[in-house]
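Overview (structure and organization)
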Amino acid sequence: MTQPPRIQIDLGSATPVNRQIVDQLRTRLVEGTLAPGAVLPSVRRLAVDLGVHFNTVADAYRTLANEGWLDVAQGRSVRVVERAVPAAGPEARDLFRQRLRQLVAEARAAGMSPAILSRELAALAERMKS
Amino acid sequence: MNGEIAVLVGLVLLMAALLHWLPTWRRRGLWFSVTVPPGFDTTAEARAALRRYRAAVWSLSLVAIACVVGGGLFAVPALPEAGVLCQAIGASAAYATVRRRVLPFAVPASGARSAAISTDPDGLPGGAASLIVPVGMLAATALYLHANWQRLPERVPVHWGLDGTPNGWADRTWHGVYGPLILCAVIGLIVLLMAEAIIHASPRARVAGTEAWTRRFRRANVILLVAGVWGVSAMMSLFALTPLFTDVTGPPGLVWMIPLVLVVSILPFTWQLVRVVRERDSGSDGTPDACWKLGLIYYNPEDSALMVEKRFGIGYTVNFGNRTLWWIVGVAALVILLVNVAW
């Protein structure tokens, strides 16, 4: 039996829990681990499993629904929907560059060599193409 | 009288044996309700804590036995009950005291949580049959009693001594005959609702790597609850039919064997649950130590789980910090009050 994908949060992290949930689910949605048509656990189920308040999970699901990833209509199961990819404007590209630079700087500060970083970025780009 | 004392002493000893072993039937990452590093249970400190607790349990059990025997022999009212109570409350206090000694060895609290991104396909074992079978047994019994109403004696037994002799009676009235069956149905429904709450309102596994064990543990608990409801319903049905098939005023027959129906129906599933608990890959449960009051009571208003695994004993307990629980308790208390007034 294949294990379902899992979500990991850290209640002690400086990042708010709803943001952690959004980030991890979005990563899986982009990578295709969660494909259109997939049913996500209900707000209640995920909140009970993670030991957080219902509102935290509901807020995360709402954010992803606003981005066009989920259908969260009341009374129905939470479902991944087909999403039209918006055209990224120059602001989005600038924001991405800025974040990437920050991330690379963090990784360099933590001791990762440029060669490793370059390999990781190349592998990531390759995975995204496929 | 001596027979009753012997049975009560036997029960006290049985409880002592259970309390003796209970702290070792736990998730492997816990020791006296404290999250500890792997292998802590083999350290000198852990063994000393366990010895201290067990010494308290057996001392309290001896006191309880003295109360039971003394109360029985010298006809001191309430002394046996006080002894049994002393054993139960004392053991909980001993557990809480020993837990405080283990707390300094706790691993630093971790906020790491993990959950499967999947829906909840679980349900009660057997589906609708888990409800239909016990309710059907009780309904069929009630119908049979109704059809044979005239054959029932004027007074029907509703309670039996240990030797099978009736020691509690009710008049042959609507609530005297059907009351115990209705009560059994209500209690059965409550237990099945608890099983549903375990399935839908308790965490499936908050610590990565413990999913398979948690799934087995939840399943074993739910199956035991359903088996218990079936067993109790069968037992109560047989008791209700007793006046039709035996002379209730005569010498005790084989009535004492009826509770064996319950024992036989739950014993294999109890054993299965104990076996799951003793497996070694259970890790920790992902609830914060600080939310376990005295190591026994879980109070966490931040946690939306209605039920969580017990840390002392096998099974599930409620989250006293959950507001839904208090609504349920309030409504239940109101219903009991209204039923009492109407009855």
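Take the overall build of chain B next. The helix and strand tally for chain B stands at eight helices and nine strands. Across the 343 residues of chain B, 33% fall into the buried class. Sequence separation of 24 or more characterises 68% of the internal contacts of chain B that already satisfy a separation of 6 or more.

This paragraph deals with the packing of helix α4 (residues 129–147) of chain B against helix α5 (residues 174–201) of chain B. Residue and element names in this part refer to chain B. In contact at an axis separation of 10 Å, α4 and α5 are set at 175° when each is read in the N-to-C sense. Taken together, the axes of α4 and α5 are roughly antiparallel relative to one another. Residues Ser130, Leu131, Pro134, Val135, Leu138, Thr141, Ala142 and Leu145 of α4 pack against Val177, Tyr178, Leu181, Cys184, Ala185, Gly188 and Leu192 of α5. Residue classes in the contact of α4 with α5 are distributed as 12 nonpolar, three polar and no charged.

A separate point is the interface of chain A and chain B. On the chain B side, the residues contacting the 24 residues of chain A number 21 residues. When contributions to the side of chain A that touches chain B are tallied by element, the ones reaching two or more residues are β1 (6–10) and α2 (43–50) of chain A. It is α2 of chain A that contributes the most residues to the side of chain A that touches chain B, six residues altogether. The pairing of β1 of chain A with strand β3 (residues 112–116) of chain B spans five bridges and is classified as antiparallel.

Residues at a pLDDT of 70 or more form 98% of chain A, whose mean pLDDT is 90. The secondary-structure element of chain A with the lowest mean pLDDT is helix α5 (residues 114–129) of chain A, recorded at 88, while helix α3 (residues 54–66) of chain A shows the highest, at 95.

With that out of the way, let us pick up the domain arrangement of chain A. Its domain assignment divides chain A into domain 1 (17–80) and domain 2 (90–129). Each of domain 1 of chain A and domain 2 of chain A was reduced to a C-alpha centroid, and the two centroids are 26 Å apart.

Here we take up the confidence of the model for chain B. Per-residue pLDDT for chain B averages 90, and the proportion of residues at 70 or more is 99%. With a pTM of 0.84, the predicted complex shows an ipTM of 0.82.

We now examine the environment of isoleucine 65 of chain B. Residue and element names in this part refer to chain B. Looking at where isoleucine 65 falls in the secondary structure, it is placed in helix α2 (residues 44–73). With 20 C-beta atoms packed within 10 Å, isoleucine 65 lands in the buried category. On a C-alpha basis, the gap between isoleucine 65 and isoleucine 5 in space is 9.3 Å, while along the polypeptide they are 60 residues apart. When residues no more than four places from it in sequence are discounted, the contact partners of isoleucine 65 are Val9 and Val12.

What follows is about the domain arrangement of chain B. All names here are of chain B. Splitting chain B by domain gives domain 1 (2–105), domain 2 (129–284) and domain 3 (287–343). A separation of 27 Å is found between the C-alpha centroids of domain 1 and domain 2. Per-element tally for the side of domain 1 that touches domain 2: the top contributor is helix α1 (residues 2–21), with three residues. Residues belonging to the side of domain 1 that touches domain 2 are distributed by class as follows: three nonpolar, three polar and three charged.

This part is about the nonpolar core. Within the largest apolar cluster, 64 residues are counted, with the highest numbers of intra-cluster contacts made by Val57 of chain A together with Leu224, Val226 and Met307 of chain B. The element that contributes the greatest number of residues to this core is helix α6 (residues 211–245) of chain B, accounting for 16 residues. Those residues in contact with leucine 224 of chain B that lie beyond four places of it in its chain are Ile266, Phe269, Thr270 and Leu273 of chain B. Counting residues in each nonpolar core, the second largest holds 21 residues, with Val12, Phe32, Ile65 and Val102 of chain B among its members.

Once that is clear, we can look at the packing of α1 of chain B against helix α3 (residues 79–102) of chain B. Each packed pair of helices is defined by two parameters, the angle between the axes and the distance between the axes. Residues and elements named next belong to chain B. Packing of α1 against α3 leaves a shortest axis separation of 11 Å and a crossing angle of 0°. By the angle class used here, α1 and α3 are roughly parallel. Packed against α1, whose contacting residues are Leu8, Val12, Met15 and Leu19, the element α3 presents Pro80, Val84, Gln87 and Ala91 at the interface. Class assignment of the residues belonging to the contact of α1 with α3 gives a composition of seven nonpolar, one polar and no charged.

What counts as what
- Residues numbered from 1 in each chain as written.
- Chains lettered and ligands numbered in written order.
- Predicted model: local features only at pLDDT ≥ 70, side-chain atom pairs only at ≥ 80, totals over all residues.
- Helix = DSSP H or I, 4+ residues; strand = E, 2+ residues; numbered from the N terminus.
- Buried ≥ 20, exposed ≤ 12 C-beta atoms within 10 Å, placed from the backbone.
- Contact = placed C-beta atoms within 7 Å.
- Axes fitted to C-alpha atoms, helices over the stretch in contact; angles between N-to-C directions.
- Parallel < 35°, antiparallel > 145°, perpendicular 65-115°, else oblique.
- Nonpolar A, V, L, I, M, F, W, Y, C, P; charged D, E, K, R; others polar.
- Pairing = 2+ DSSP bridges.
- pLDDT = per-residue confidence, 0-100.
- Domains from an automatic or database assignment.
- Core = buried A, V, L, I, M, F, W, Y, C linked by C-beta atoms within 7 Å.

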